[in-house]
Amino acid sequence: MASRLHAFNRFELKYLVPVEQAAEIRDELADRMDRDLNSPVGGYGVWSLYYDTPQLRFYWEKIEGLKFRRKLRIRHYGDLDAVTDESPVCVEIKQRVNRVTQKRRITLPYGVARQLCDVRVMVEHSAKESAFIQEVLELVVRLNLQPTAITGYQREALVGRNADTGLRVTFDRRICGRDRDFHFGIQTPENRFTIPPHMSVMEVKVNERTPHWITDLAARRNLNLVRISKYVQSVEAFGLAPRSVFHINEADCPPPTPNEQQPHSLLKAGAQ
């Protein structure tokens, strides 16, 4: 059986930009990049169930900016209407080592993934998958991990071409979350926007160094790097932990008004 494992390392840069500006940037990037084959026009849904300790260890590691930190999550790509126990999902360990983001994940049926992470039982796997499955199970048991928050958003993705094949740029909008009803297929989820809906998160992901034309674009459009985590946003939006300096309050970046004449000023205010 072919291995369902996947792993990669990369650098990530994040920017908070108004949705209208994000559309302009996406169109500009289209001159040098291609649409991801898995990203239809209008984007696709990304839903993640995050696990944490009762004391929110992973949340606080992010807040404190530890050089080494990690998170466990189950991720589903696409709409949630037809999610069943047979739907494919990714069980993923995402960790940060200094400035490098590392992801390791395995694709499993949704029901099997919940058996592994919630019921804490060993699931069927191949020899090549054994080390990762055991690491997930050890993490869940040793740290007493439990479902803590769900995040969801609509993503559009572009990939580099020619010399920029390691480049990937994503635009995430309508970012929401919830702190209960942790089944992906629930009929009436109580989601709440965790980032103002007129703002989107632009992420630049590279294997080594960022192309100079990307940094030029960011400078020309007055984009500022931000430290933002969708999981942190969900934790704070529902009062699971105190508001931190990373929290985005809608009052801090109000929607544009019809007579707005300086679009770049909103970019800077949103990033701050």
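Residues numbered from 1 in each chain as written. Predicted model: local features only at pLDDT ≥ 70, side-chain atom pairs only at ≥ 80, totals over all residues. Heavy atoms only, no water.

## Here's the deal with the pairing of strand β5 (residues 88-97)
One face of the sheet, then the other: side chains in a regular strand alternate in exactly this way. Of all ten residues in β5, seven are buried; the element is thus mostly enclosed. Pairing between strand β4 (residues 68-77) and β5: eight bridges, direction antiparallel. Its bridge partner being in β5, arginine 70 is matched across the sheet by glutamine 95. Judged from the ten bridges that link them, β5 and strand β6 (residues 100-109) form a sheet pairing that is antiparallel. Its bridge partner being in β6, valine 89 is matched across the sheet by leucine 108. The loop that links β5 with its antiparallel partner β6 comprises two residues; one of these, asparagine 98, has a positive phi angle of about 55°. (Buried < 20%, exposed > 50% of the residue type's maximum accessible area, 1.4 Å probe, protein only. Helix = DSSP H or I, 4+ residues; strand = E, 2+ residues; numbered from the N terminus. Pairing = 2+ DSSP bridges.)

## So, the pattern of salt bridges
All chains considered together, the criterion is met by 26 salt bridges. The salt bridge partner of arginine 35 is glutamate 156, with a shortest N-O separation of 3.7 Å. Of this pair, arginine 35 sits in strand β2 (residues 33-35) while glutamate 156 sits in strand β7 (residues 146-160), and the two are 121 residues apart along the sequence. The closest approach of N and O atoms between aspartate 172 and lysine 230, which form a salt bridge, is 3.1 Å. (Salt bridge = Lys/Arg side-chain N within 4 Å of Asp/Glu carboxyl O.)

## As for the side chain of aspartate 36
Looking at the element boundaries, aspartate 36 is found in the loop between β2 and β3 (44-52). When neighbours within four sequence positions are excluded, aspartate 36 is seen to be in contact with Ala157, Leu158, Val159 and Arg168. (Contact = heavy atoms within 4.5 Å.)

## Some points on the confidence of the model for the protein
Averaged over all residues, the pLDDT of the protein is 87; the fraction at 70 or higher stands at 88%. Note that pLDDT drops below 50 for residues 260-272; the model gives that stretch 23 contacts with residues more than four away or on any other chain. (pLDDT = per-residue confidence, 0-100.)

## Some remarks on unusual backbone geometry
Positive phi, close to 55°, is recorded for asparagine 162, a residue that is not glycine. With respect to the helices and strands, the residue asparagine 162 is situated in the loop between β7 and β8 (168-178). The phi angle at asparagine 222 is positive, at roughly 60°, despite the residue not being glycine. Residue position: asparagine 222 is located in the loop between α5 (212-220) and α6 (230-237).

## Comments concerning the nonpolar core
Judged by nonpolar contacts, the single largest core of 30 residues is most densely connected at Leu72, Ile74, Val91, Leu116, Val136 and Phe184. Ranked by residue count, the leading element in this core is helix α4 (residues 130-142), at six residues. The residues contacting phenylalanine 184, other than those within four sequence positions of it, are Trp47, Ser48, Leu49, Ile74, His76, Leu80, Val83, Tyr110, Ile150 and Arg178. Within the second largest apolar cluster, 19 residues are counted, among which are Val17, Leu158, Val169 and Val206. (Core = buried A, V, L, I, M, F, W, Y, C linked by side-chain atoms within 4.5 Å.)

## Observations concerning α4
For α4, which comprises 13 residues, the first-to-last C-alpha distance of 18 Å matches the rise-based estimate of 18 Å (1.5 Å per residue) to within 8%. Buried within α4 we find Ser130, Phe132, Ile133, Val136, Leu137, Leu139 and Val140. In the core, the buried residues of α4 are packed alongside β1 (5-18), β4, β5, β6 and α3 (110-119). Immediately beyond the C-terminal end of α4, within one or two residues, lies asparagine 144, with a positive phi of roughly 55°. (Expected span 1.5 Å × (residues − 1).)

## Overview of the packing of aromatic side chains
All told, the structure shown has four aromatic pairs when counted by the stated rule. Look at tyrosine 44 and tyrosine 77: their rings are 6.3 Å apart centre to centre, the planes differ by 50°, and that puts the pair in the tilted class. In this pair, tyrosine 44 is assigned in strand β3 and tyrosine 77 in strand β4, connecting sequence segments 33 residues apart. The exposure class of tyrosine 44 is buried, given its relative accessible area of 12%. When its relative accessible area of 35% is taken as the criterion, tyrosine 77 is described as partly exposed. Residues tyrosine 59 and tryptophan 60 carry aromatic rings whose centres are separated by 4.9 Å and whose planes lie at 80° to one another, so their mutual orientation is edge-to-face. Look at tryptophan 60 and you get partly exposed, because its relative accessible area is 32%. (Phe/Tyr/Trp six-rings, centres within 6.5 Å; stacked < 30°, edge-to-face > 60°.)

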